[in-house]
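Per-entry structural report
Residues per chain are reported as follows:
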Amino acid sequence: MGYQLSRTEGEQMLAKWQTRYEVFAPKLMRGEGCFSDTDIVRYGKISSFDEIVWDKKSDYSFKETLLAINETLFYFTEDQTTVPAGPKKDILIFLRACDLHAVKRLDEIYLKNGFEDFYYARVRERAKFILMGCESACASGFCVSMGTNRAENYDAYVKVTEDAVLLDVKCEALMEGVEAAACEVTPDYVTENKEKVTLPKKLSNESFTKEIWKEYGDRCIACGRCNFVCPTCTCFTMQDIFYKDNPKVGERRRVWASCQVDGYTSIAGGHEFRKSQGDRMRFKVMHKIYDYEKRFGYPMCVGCGRCDDVCPEYISYSNLINRLAKEEN
């Protein structure tokens, strides 16, 4: 159902949402970029539509609103453990079509991959998603190639203009206590990207030993930034923290990890499965376009292009895929 509100009415609606939900959206973090005196667009709590960055793709994805970068799984003493309480309020997340498709990928890994992750599930069941439209294509994205430029499974679509707030609402609970004029509202989406990607139609066994992996691996410095900005990367490591005042008491934490960094595949005895950066590059790429699709029926990558944006060595994931497809097809 479509609605139109004035800007004032829209802000009043957002205030009503805040009484029930914690509202997250991409916002400008001034001076918090990776380099001195640089800004960054990242997810945080908002209290006004004016705080939301509508005209630029966020540098980091929505993922940290569902999966904390550093999450305590339980506290322990000598003879007992205690699981921290879950979220106190429901969550509203503003995100774009490609990121909404990424939610489906996270659900496959954390909810349908042979088990249900308790910590992810208790946050996910309280989350609702507000679609943000894309009036123009971003420079590095290739969502059209991946079929993720449009999304239908949103709870509401919101578009803010100079004097109005337009909504397409599928979850009527979001309109409780809100009076608005009915109107036709259609989400904005792009139909063509500047960047285009062709996936390999069929990968041969030889694709795992191609020189292309060494070529790109030689440029990689193993910083892991591509994994941390990716909305579909799900890997983590565990840390046991022992308190200084009592070394028999502490907490176990789940922390984001990267398959590109040293030590990720290390096991007891000093063995490591993927030592070279070329092997790690191959693992990441093949997991995104081959292994995941073989299991779930569609690629893991949603074509947001953030990995291309953030790489300090200017390694282009999209160019790598196109080269691989050209050699294989």
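None of the values given here were measured: they were computed from a predicted structure.

It is worth spelling out the sheet that holds strand β9 (residues 164-169) at this point. As summarised here, the arrangement of the eight strands in space is β3-β2-β6-β7-β8-β9-β1-β10, forming an open sheet in which the pairing is mixed. Edge positions in the open sheet fall to β3 (40-45) and β10 (181-182), since each of these has one partner strand only. With two bridges joining them, strand β1 (residues 2-6) and β10 adopt antiparallel strand pairing. Within the sheet, the bridge partner assigned to Q4 lies in β10 and is A181. Its contacts with the sheet place helix α1 (residues 7-20) against β1, β2 (21-29), β6 (90-96), β7 (127-132), β8 (156-160) and β9, and it is angled at close to 110 degrees to β1. Each of β3, β6 and β7 is contacted by helix α2 (residues 97-111), which is oriented at about 125 degrees to β6, the strand it contacts most.

Taken as a whole and judged by the stated rule, the model has 28 salt bridges. Notably, a salt bridge pairs E327 with K210, separated by 3.5 Å at the nearest N-O pair. Taken together, the residues span a long stretch of sequence, with E327 in helix α9 (residues 317-328) and K210 in the loop between β10 and α5 (211-217) at a distance of 117 residues. In this structure E327 comes out as partly exposed when scored by relative accessible area, which is 41%. Where R253 meets E251, a salt bridge forms, and the shortest distance between an N and an O atom there is 2.8 Å.

What follows is about the pairing of β1. In this structure, β1 lies alongside β9, joined through five bridges in antiparallel fashion. Across the sheet, residue L5 finds its bridge partner in β9, namely V165.

What follows is about the side chain of K63. One can find K63 in the loop between β3 and β4 (70-76). In this structure K63 is buried but unpaired, with E64 as the nearest side chain of opposite charge at 9.0 Å. The residues touching K63, leaving out its near neighbours within four places in the chain, are L106, N227, F228, C230, P231, C233 and W256.

Taken in spatial order, the four strands of this open sheet run β5-β4-β12-β11, and their pairing is antiparallel. Both edges of this open sheet fall to β5 (81-82) and β11 (236-243), since each of them pairs with a single strand only. Here eight bridges tie β11 to strand β12 (residues 246-256), and the two strands are oriented antiparallel to one another. Bridge pairing in β12 places I241 opposite E251.

If pLDDT is low for a region, its predicted coordinates should not be looked at in detail. Residue-level pLDDT values for the protein chain average 94, and 100% of them are 70 or greater. Element-level pLDDT for the protein chain is lowest in β10, with a mean of 88, against a maximum mean of 98 in β7.

Another point: the packing of aromatic side chains. In this structure the tally under the stated criterion is twelve aromatic pairs. Residues W54 and F94 carry aromatic rings whose centres are separated by 6.2 Å and whose planes lie at 90 degrees to one another, so their mutual orientation is edge-to-face. Highlighted residues: W54 in the loop between β3 and β4 and F94 in strand β6, separated in sequence by 40 residues. On the basis of relative accessible area, F94 is assigned to the buried category, the value being 0%. Ring geometry for F118 against Y119: centres 5.0 Å apart, planes inclined by 80 degrees, an arrangement best described as edge-to-face. Members of the aromatic cluster, joined through ring pairs, are F49, W54 and F94. Sitting over the ring of W256, K63 keeps its end group 4.6 Å from the ring centre. We note R254 situated over the ring of F236; from NZ or CZ to the ring centre the distance is 4.9 Å.

Time to look at unusual backbone geometry. Backbone geometry places A222, a non-glycine residue, at a positive phi of 60 degrees. Tracing the sequence through the fold places A222 in the loop between α5 and α6 (225-229). Note on A222: relative accessible area 18%, which makes it buried. With a phi angle near 55 degrees, Y314 is a residue other than glycine that sits in the positive phi range. Position of Y314 relative to the elements: it lies in the loop between α8 (306-310) and α9. The exposure class assigned to Y314 is exposed, which follows from its relative accessible area of 68%.

Summarising the element assignment, R124 is placed in helix α3 (residues 118-124). Polar contacts involving the side chain of R124 include one to the side chain of D107, which spans 2.9 Å. Excluding residues within four positions of it along the chain, R124 makes contact with L66, V103, D107, L111 and F129.

Turning our eyes to something else, we now look at the nonpolar core. F62, L66, I93, L95, L100 and F129 are the most contacted members of the largest nonpolar core, which has 35 residues in total. Mapped onto this core, the elements with two or more residues apiece are β6, α2, α3, β7 and α7 (277-296). Among the elements that take part in this core, α2 stands out by supplying eight residues, more than any other. In contact with I93, not counting residues within four places along its chain, are F24, Y43, F62, T65, L66, K128, F129 and I130. Grouped together as the second largest cluster of nonpolar side chains are 24 residues, L92, A156, V165 and C171 included.

What counts as what
- Residues numbered from 1 in each chain as written.
- Predicted model: local features only at pLDDT ≥ 70, side-chain atom pairs only at ≥ 80, totals over all residues.
- Heavy atoms only, no water.
- Pairing = 2+ DSSP bridges.
- Helix = DSSP H or I, 4+ residues; strand = E, 2+ residues; numbered from the N terminus.
- Contact = heavy atoms within 4.5 Å.
- Axes fitted to C-alpha atoms, helices over the stretch in contact; angles between N-to-C directions.
- Salt bridge = Lys/Arg side-chain N within 4 Å of Asp/Glu carboxyl O.
- Buried < 20%, exposed > 50% of the residue type's maximum accessible area, 1.4 Å probe, protein only.
- Lys, Arg positive; Asp, Glu negative; His and termini not counted.
- pLDDT = per-residue confidence, 0-100.
- Phe/Tyr/Trp six-rings, centres within 6.5 Å; stacked < 30°, edge-to-face > 60°.
- Lys NZ or Arg CZ within 6 Å of the ring centre and 35° of its normal.
- Polar contact = N/O pair within 3.5 Å; in protein donor to acceptor, adjacent residues only side chain to side chain.
- Core = buried A, V, L, I, M, F, W, Y, C linked by side-chain atoms within 4.5 Å.

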